[in-house]
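The chain contents come next:
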Amino acid sequence: MLNLILFGPPGAGKGTQSEKILVKYNLKHISTGDLLRAERNAGTELGNQANEFISKGELVPDAVVIGMVKNFMADNTDAKGFIFDGFPRTIAQAEALDSMLTDFNTEISIVLGLEVNEDELVTRLLLRGQTSGRADDQSEDTIRNRFQEYLNKTLPIQNYYSAKNKYFGVEGIGEIDQIFESLCDHLDKIS
Ligand code: C5P
Ligand code: MG
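Residues numbered from 1 in each chain as written. Chains lettered and ligands numbered in written order. Predicted model: local features only at pLDDT ≥ 70, side-chain atom pairs only at ≥ 80, totals over all residues. Heavy atoms only, no water.

Colleague: Help me understand the overall build of the protein in this model?
Modeller: On a plain count of helices and strands, the protein comes out with nine helices and five strands. When its helices and strands are written in sequence order, the protein yields β-α-β-α-α-α-β-α-β-α-α-α-β-α. Here the protein has a C-alpha radius of gyration of 16 Å; the compact-globule value for 191 residues is 16 Å, and the two agree. By its C-alpha atoms, the protein is 40 × 40 × 30 Å across when sized along the principal axes. Taken across its 191 residues, the protein has 46% of its residues classed as buried. The long-range share in the protein, meaning contacts at least 24 apart out of those at least 6 apart in sequence, stands at 74%. With the model as given, the accessible surface of the protein reaches about 9,500 Å², and the carbon-plus-sulfur share is 47%. Here the protein contributes 19 positive and 29 negative side-chain charges, whose respective centroids are spaced 2 Å apart. (Helix = DSSP H or I, 4+ residues; strand = E, 2+ residues; numbered from the N terminus. Rg over C-alpha atoms; globule rule 2.2 N^0.38 Å. Buried < 20%, exposed > 50% of the residue type's maximum accessible area, 1.4 Å probe, protein only. Contact = heavy atoms within 4.5 Å. Areas by Shrake-Rupley, 256 points an atom, 1.4 Å probe, with all protein chains shown as cover. Lys, Arg positive; Asp, Glu negative; His and termini not counted. Charge placed at Lys NZ, Arg CZ, Asp CG, Glu CD.)

Colleague: Can you help me understand unusual backbone geometry in this one?
Modeller: Across residues other than glycine, the phi torsion is negative in most instances, and most of the peptide bonds are trans. Cis geometry is found at the peptide bond from Phe87 to Pro88, where omega equals 0°. The residue Asn105 is not glycine, and still its phi comes out positive at about 60°. For Asn105, the position within the fold is in the loop between helix 5 (91–103) and strand 4 (110–115). Although it is not a glycine, Asn165 adopts a positive phi angle of roughly 60°. Relative to the helices and strands, Asn165 is located in the loop between helix 8 (156–162) and strand 5 (167–171). We classify Asn165 as exposed; its relative accessible area is 67%.

Colleague: Just to check I follow, could you spell out the nonpolar core for this structure?
Modeller: Inside soluble globular proteins, nonpolar side chains tend to come together where they are buried. Ile21, Phe84 and Tyr161 are the most contacted members of the largest nonpolar core, which has 49 residues in total. It is helix 4 (residues 62–74) that contributes the most residues to this core, six residues altogether. Those residues in contact with Tyr161, other than ones at most four positions away along the chain, are Ile5, Pro88, Ala94, Leu97, Asp98, Ile108, Val111, Lys166 and Tyr167. (Core = buried A, V, L, I, M, F, W, Y, C linked by side-chain atoms within 4.5 Å.)

Colleague: Can you help me understand the pattern of salt bridges in this one?
Modeller: Pairs can form between side chains of opposite charge whenever their charged atoms are close. For the structure on display, the rule yields 15 salt bridges. The closest approach of N and O atoms between Arg124 and Glu120, which form a salt bridge, is 2.9 Å. Of the two residues, Arg124 and Glu120 are both situated in helix 6 (residues 118–132); the distance of four residues between them amounts to about one turn of the helix. With relative accessibility at 24%, the residue Arg124 sits in the partly exposed group. A residue is classified by how much of its surface remains accessible, and Glu120, at 27% relative accessible area, is partly exposed. (Salt bridge = Lys/Arg side-chain N within 4 Å of Asp/Glu carboxyl O.)

Colleague: Would you mind showing me how to read helix 9 (residues 176–190) here?
Modeller: Helical geometry note: an α-helix holds 3.6 residues per turn, so side chains three or four residues apart project in the same direction. With 15 residues, helix 9 extends 22 Å from end C-alpha to end C-alpha; this agrees with the ideal 21 Å at 1.5 Å per step. Along helix 9, the residues classified as buried are Ile179, Phe180, Leu183, Cys184, His186 and Leu187. Looking at the packing, one finds that the buried side of helix 9 touches strand 1 (4–7), helix 1 (14–25), strand 4 and strand 5. (Expected span 1.5 Å × (residues − 1).)

Don't take any of this as a statement about function, it's just geometry.
So, in structure tokens, the structure goes:
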């Protein structure tokens, strides 16, 4: 299996690049943010609880997102591999993911981090907010809070996978196709 974590701060281009990668490498894409928004839009109990965090730009508790990923993987046992987009967000989630993959007799193949500076992210997300309908893309305060959550809780994951020689950073500013090529250069070496 080819199991990729597409890593990076909010607005780095994880969703955009995932759409291209899943076609080329025939992988299942799991975006926990998309799953949470679908739960919220369906008005489920989980979705309503998650929205309290999403609207403030805070992270939803580990157990909730880990449970969603577990269900997704159980529903896709025929997958050739997964792209994890927006997950893991904490070290606890990374450890849980590693143990879920061990149960699948597989592991994380590679972690590719899209590197984009904070000012560019804020500009991109405010622009996305004009069409995405996402309230958390429309307030600069919420966007900066999401970035703080990323720095405090998510960035340590980079070292977690660097220590396993699995983390590689990729320049995330430039043409979408150029960035895609850089990601493919890494993926082609291991697939
Ligand atoms: O990944 P995405 O940027 O779409 O996530 C949007 C929001 O969903 C985050 O700001 C956070 O509130 C919530 N989220 C989370 N934990 C995840 C993924 C998303 O709390 N693993
Ligand atoms: Mg996304």
